[in-house]
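# Residue-level structural notes
Spelled out, the chains give:
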Amino acid sequence: MFKKFIPFAHSASIYEIEYDFYKRNGIKTLFMDLDNTLDSFKAKHPQERTINYVKGLIENGIKPIIISNNRPNRVSGYANELGIEFLASARKPFSRRIKAEMSKRNLDPNEVMLVGDQMMTDVLAGRGANIKVVLTEKIVKEDQITTHFNRLFDRPIRKYHKKRGNLVDWRNK
Ligand SMILES: [Mg+2]
């Protein structure tokens, strides 16, 4: 049941994933969710930890791109400060815009990974686009109001798969 919700791997936070994990899985492009994955939805500016993590990705030959459902004016300011590209209004859980982004950039789905904090948007969209997904926990407690509804489904499904050992720690992949 709920097989579409099984991520490739799980991590408490994006920031604890070591760059070697991406490399040993052949990942060259990392799609990163913004709100509650990289930062609180209230954070207008990236903190030191995000700046350093992004810098490390690039140094390791992994191209980070923010893929967010949030509006262009929210996403662009944050991404521009990091000096990285982004796709706003990504419409996750649908995968059409993610697939379009990959074909525009000529990306091999085997070399792309998505990291995000939500079952209902990130995992479904990434799996729909045939790319590996790492599911994280929320980085802060508060969610944007539009996310509250998704969490009603996220919590029980997350619990269901956790219980069955389907949320495999990134260190074991
Ligand atoms: Mg999110």
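Just above sits the structure.
Presented here is an overview of the structure given in this document.

Rules behind the numbers
- Residues numbered from 1 in each chain as written.
- Predicted model: local features only at pLDDT ≥ 70, side-chain atom pairs only at ≥ 80, totals over all residues.
- Heavy atoms only, no water.
- Buried < 20%, exposed > 50% of the residue type's maximum accessible area, 1.4 Å probe, protein only.
- Helix = DSSP H or I, 4+ residues; strand = E, 2+ residues; numbered from the N terminus.
- Pairing = 2+ DSSP bridges.
- Right-handed = clockwise from strand over helix to strand, strands pointing away.
- Axes fitted to C-alpha atoms, helices over the stretch in contact; angles between N-to-C directions.
- Contact = heavy atoms within 4.5 Å.
- Core = buried A, V, L, I, M, F, W, Y, C linked by side-chain atoms within 4.5 Å.
- Polar contact = N/O pair within 3.5 Å; in protein donor to acceptor, adjacent residues only side chain to side chain.

As a further point, take the pairing of strand S6 (residues 132–136). Extensive coverage of S6 is indicated by the burial of four of its five residues. In terms of strand pairing, strand S1 (residues 9–11) meets S6 through three bridges, oriented parallel. What sits directly across from histidine 10, in S6, is leucine 135. Bridge analysis of strand S5 (residues 112–116) against S6 gives four bridges, and the strand direction is parallel. Within S6, the residue paired with glycine 116 across the bridge is leucine 135. Handedness of the crossover joining S5 and S6 through helix H5 (residues 119–128) is recorded here as right-handed.

On the basis of which strands lie adjacent, the open sheet formed by six strands has the order S1-S6-S5-S2-S3-S4 and parallel pairing. One side of each edge strand has no neighbouring strand; the edge strands of this open sheet are S1 and strand S4 (85–87). Strand-to-strand, the axes of this sheet are offset by a mean angle of 25°, without reference to chain direction. Here strand S2 (residues 29–32) pairs with strand S3 (residues 63–67) via four bridges, running parallel. When the bridges of S3 are listed, leucine 30 appears paired with proline 64. Against the sheet, H5 touches S5 and S6, its axis set at about 165° to S6.

Next up on the list: the nonpolar core. By size, the foremost hydrophobic cluster in this structure holds 27 residues, and its most contacted members are Phe21, Tyr22, Met32 and Ile66. When residues of this core are traced back to their parent elements, those giving at least two are helix H1 (19–24), S2, helix H2 (48–59), helix H3 (72–82) and S5. The leading source of residues in this core is H3, at four residues. Setting aside chain neighbours within four positions, we find tyrosine 22 in contact with Ile14, Ile17, Ile27, Leu30, Tyr53, Leu57, Ile62, Met113 and Val115. In terms of nonpolar packing, the next biggest core, distinct from the first, is built from 21 residues, Phe31, Leu87, Met119 and Leu135 among them.

Our next topic: the environment of isoleucine 27. Here isoleucine 27 is to be found in the loop between H1 and S2. In this structure the C-alpha to C-alpha distance between isoleucine 27 and valine 112, which are 85 residues apart in sequence, comes to 5.5 Å. Residues contacting isoleucine 27, with those up to four places away along its chain left out, are Tyr22, Ile62, Asn110, Glu111, Val112 and Met113.

A word on the side chain of asparagine 25. The residue asparagine 25 is located in the loop between H1 and S2 in this model. On the accessibility criterion, asparagine 25 (18% relative accessible area) is buried. Here the side chain of asparagine 25 touches phenylalanine 21 through a polar contact of 2.9 Å, landing on its backbone oxygen. Beyond its immediate stretch of four places on either side in the chain, asparagine 25 contacts Phe8, Asn110, Lys132 and Lys173.

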